[in-house]
Amino acid sequence: MQGMMMNRPLAVIDLLTYAAEAHPGAGLVSVRCEGDIHRETYAEALARSAQLAHALAALGVKRGDRVATLAWNGYRHFELYYAISGMGAVCHTINPRLSAEQMLYIIGHAGDSVLFFDLTFVPLIEALAEHLPKGLRLVVMTDREHMPQTGLDLLCYEELLAGQPERFAWPELPEDSAAALCYTSGTTGHPKGALYSHRSTVLHAFSIAVSLPKSLNEGARVLPVVPMFHVNSWGLPYAGPMVGASLIMPGGKLDGASVWELMETENVTASWGVPTVWLGLTAEIAKRGRAPHALTQAVIGGSAAPRSMIENFEKMGVDVCHAWGMTEMSPVGTHGQLSASMSDLSFEQRMKLKSKQGRRVFGVDLKIVAEDGTALPHDGKAAGELFVRGNTVVSGYFNNPEATRAALDDDGWFGTGDVATIDPHGFLSIQDRTKDLIKSGGEWISSIDLENLAMAHPKVANCAVIAVAHPKWDERPLLVVVPRGEDRPTLEEIHALMEGHMAKWQLPDDMVFVEALPLTATGKVSKLTLRQTFADYVLPDVR
Ligand code: AMP
């Protein structure tokens, strides 16, 4: 029997029209490329998004067209999100840290018709210009006064908006029509496009709002360190307006000191980002002896948050929520928000749980499977490849049937490429990416576990563990360390930290020092680059 309820399509623009009405005091604070701070309410953002939608229509943008952005976190980027999706086009966010070759590939693959970019990226566009598709319109996200002097044919964002009506007849779209496009920064092969729908985007906003209420609530002031060019800033530009949280947009200034200062002066209550950025902030917190005064929650994801980092924040009174997800999952799949019933756990027990990647968000199912495809128990011990399904998970890749076939199992679950355990309470623990696991004598060693333990050494500023070839054991772990200052840790000291937590045969065979770890375009440690750098490394017992 059919239910008898109205079926109204979920629409991205409704998040903002709702915020403009229901949360009049909330809005955006943005550090601008022009050097100052800009403020606007969600009502103002809606009016300007309407002007922008008129401007896009005047440029010839139609439903389904892809409009690209190359921009930091800021109000104009936010307006683009809503204007483009709201008028029925697709907002394609480009990661400026991709190589020129990858960027040109995705602009071509997406078939972008207009490219909006921040002032910072003018030199980049000049360098790419001759290879850009003919007919691609270029818009600089600034006003006339700040327009760059170049030989390129550039449009000016504020001029496009000026004089346009502040209302737009947002079309009613099928809820499964595409709203946004984000390419994974695959380390091998071409980047692949995750094409989010209005429905998936709104449902994801609901799911993170429900899962992470400490960050997302009316009156909260959330600083997305995670960029809007990486999986839509983990959904914050959508969930913020929905719940009435203001967004404090840091622009391109992401060093520890700038982020600390902005958090302090703008009374930031929560912030979300990847561990590499938090390293900068924790160093700043250590220097100043305190966390920014209003900060109550840090959501850390994108790669494993080391336990030492979680402990540092918690000791400063900042609740840490570890989260796991993927571009293909909109992205949040699990979160480490502890239940009220867990509040009486000891500090040690809580830290143990918080170091795991947490429990699934509503609407996402998880399974772990053995190499032969059989499902493994959720006993906290069995480790297998993690598969996911749900309304916020991709059903395939944009215009890429081959990658789509490879990504899904026979029952339509998406293979994450991560190896994990799940305990009886549903807590996920990511062991590694399948390709980063170290296979020693037929047994697996988790590089994440080793890194986590090594990070607890006070002389280790950052580290990574990679596999290097060994004639007897196939692969053995090598620890690559960025030392904190001149004084370096010894391998014996590191082993002492690991013993008791890992089997003796799992400990790293050797340690090397580097000045910095190579990062991927999304700010994660690039194990691929490290493996290439140390491809010929000869371990001590083989020398
Ligand atoms: P991306 O699509 O760039 O967001 O990368 C997704 C991948 O990042 C996942 O498949 C994981 O390998 C990794 N990842 C994300 N969050 C975490 C986390 N909290 N702990 C460990 N790995 C993570």
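Residues numbered from 1 in each chain as written. Predicted model: local features only at pLDDT ≥ 70, side-chain atom pairs only at ≥ 80, totals over all residues. Heavy atoms only, no water.

Grouped burial of nonpolar side chains is what soluble globular proteins tend to show. In this structure, Leu-56, Phe-78, Tyr-82, Phe-116, Trp-272, Trp-324 and Leu-386 are the most contacted members of the largest nonpolar core, which totals 92 residues. The element that contributes the greatest number of residues to this core is helix 2 (residues 42-58), accounting for eight residues. Both domains that meet at this core, namely domain 1 (12-253) and domain 2 (363-433), each give it at least three residues. The next biggest cluster of nonpolar side chains, apart from the first, holds 29 residues, and it includes Leu-132, Met-147, Leu-181 and Phe-229. (Core = buried A, V, L, I, M, F, W, Y, C linked by side-chain atoms within 4.5 Å. Buried < 20%, exposed > 50% of the residue type's maximum accessible area, 1.4 Å probe, protein only. Helix = DSSP H or I, 4+ residues; strand = E, 2+ residues; numbered from the N terminus. Domains from an automatic or database assignment.)

Around the ligand lies a shell of 15 residues, among which Ala-323, Thr-327, Asp-418, Arg-433 and Lys-524 are the nearest. Taking Thr-327, its side chain carries an N or O atom lying 2.6 Å from an oxygen atom of the ligand. The side chain of Arg-433 places a nitrogen or oxygen atom 2.7 Å from an oxygen atom of the ligand. With the chains in place, 90% of the 500 Å² that the ligand exposes on its own is no longer accessible. Looking at the shell around the ligand, the elements that each hand over two or more residues are strand 14 (319-325) and strand 20 (428-433). Among the elements that line the shell around the ligand, the one with the most residues is strand 14, at four residues. (Near = heavy atom within 4 Å. Polar contact = N/O pair within 3.5 Å; in protein donor to acceptor, adjacent residues only side chain to side chain. Areas by Shrake-Rupley, 256 points an atom, 1.4 Å probe, with all protein chains shown as cover.)

Take the sheet that holds strand 1 (residues 27-31) next. Strand order in this open sheet of nine strands is 2-1-11-10-12-13-14-15-16, and the pairing throughout is mixed. In this open sheet, the two strands that pair with only one neighbour each are strand 2 (37-41) and strand 16 (359-360). Of the pairings in the sheet, the one linking strand 1 to strand 11 (residues 246-249) comprises three bridges and is parallel in character. Along strand 11, the bridge assignment pairs Leu-28 with Leu-247. Packed onto the sheet, helix 11 (residues 275-288) meets strand 12 (270-273) and strand 13 (297-301) and runs at close to 140° relative to strand 13. (Pairing = 2+ DSSP bridges. Contact = heavy atoms within 4.5 Å. Axes fitted to C-alpha atoms, helices over the stretch in contact; angles between N-to-C directions.)

Helix-helix packing is characterised by the crossing angle of the two axes and by the distance between the axes. It is at 10 Å that the axes of helix 12 (residues 307-315) and helix 13 (residues 347-355) come closest, and there the two elements cross at 130°. Between helix 12 and helix 13, the angle is such that the two are oblique. Pair helix 12 / helix 13 crosses with right-handed handedness. On helix 13, the residues touching Arg-307, Ile-310, Glu-311, Glu-314 and Lys-315 of helix 12 are Phe-347, Glu-348, Arg-350, Met-351, Lys-352, Lys-354 and Ser-355. By residue class, the composition of the contact of helix 12 with helix 13 is three nonpolar, one polar and eight charged. (Parallel < 35°, antiparallel > 145°, perpendicular 65-115°, else oblique. Left-handed = near helix turned anticlockwise from the far one by under 90°. Nonpolar A, V, L, I, M, F, W, Y, C, P; charged D, E, K, R; others polar.)

Most of helix 15 (residues 447-454) sits inside the fold, with seven of its eight residues counted as buried. Those residues of helix 15 that sit buried are Ser-447, Ile-448, Leu-450, Glu-451, Asn-452, Leu-453 and Ala-454. Between a side-chain oxygen at the N-terminus of helix 15 and the backbone nitrogen of Ile-448 the separation is 3.3 Å; the capping residue is Ser-446.

Another point: empty space enclosed by the protein. Under the definition given, this model contains three cavities of 30 Å³ or more. Counted as a void, the largest cavity has a volume near 120 Å³. Forming the walls of the largest cavity are 14 residues, and the residues nearest its centre are Val-31, Arg-32, Cys-33, Gly-74 and Asp-118. Contributing elements (two or more residues each) for the lining of the largest cavity: strand 1 and helix 3 (75-86). Per-element tally for the lining of the largest cavity: the top contributor is helix 3, with three residues. (1 Å grid on protein atoms, 1.4 Å probe; cavity = no way out; pocket = protein on both sides within 12 Å on 5 of 7 lines; lining within 4 Å. Points joined across faces, edges and corners; volume = space filled by probe spheres on them.)

Splitting the chain by domain gives domain 1 (12-253), domain 2 (363-433) and domain 3 (438-542). Listed by partner, the interface residues are 13 residues for domain 1 and nine residues for domain 2. Counting the surface domain 1 buries against domain 2, the share from its top three residues, His-109, Lys-192 and Gly-193, is 44%. Linking domain 1 to domain 2 there are zero salt bridges. Joining domain 1 to domain 2, the criterion identifies three residue pairs in polar contact (both at pLDDT 80 or more). The element contributing the most residues to the side of domain 1 that touches domain 2 is helix 7 (residues 198-211), with four residues. (Buried area = accessible area lost by both parts, 1.4 Å probe. Salt bridge = Lys/Arg side-chain N within 4 Å of Asp/Glu carboxyl O.)

What the four strands build is an open sheet, ordered 17-18-19-20; its pairing is antiparallel. Two strands bound the open sheet, and with one partner strand each, they are strand 17 (364-369) and strand 20. Strand after strand, the sheet turns through a mean of 45° between neighbouring axes, direction not considered. Where strand 17 and strand 18 (residues 384-390) come together, six bridges link them in antiparallel fashion. Following the sheet pairing, Val-364 is matched in strand 18 by Gly-390.

The next point concerns helix 10 (residues 256-265). Within helix 10, the full set of buried residues consists of Gly-256, Val-259, Trp-260, Leu-262, Met-263 and Glu-264. Elements in contact with the buried residues of helix 10: strand 1, strand 2, strand 10 (221-224), strand 11, strand 12 and helix 11. Immediately beyond the C-terminal end of helix 10, within one or two residues, lies Asn-267, with a positive phi of roughly 50°.

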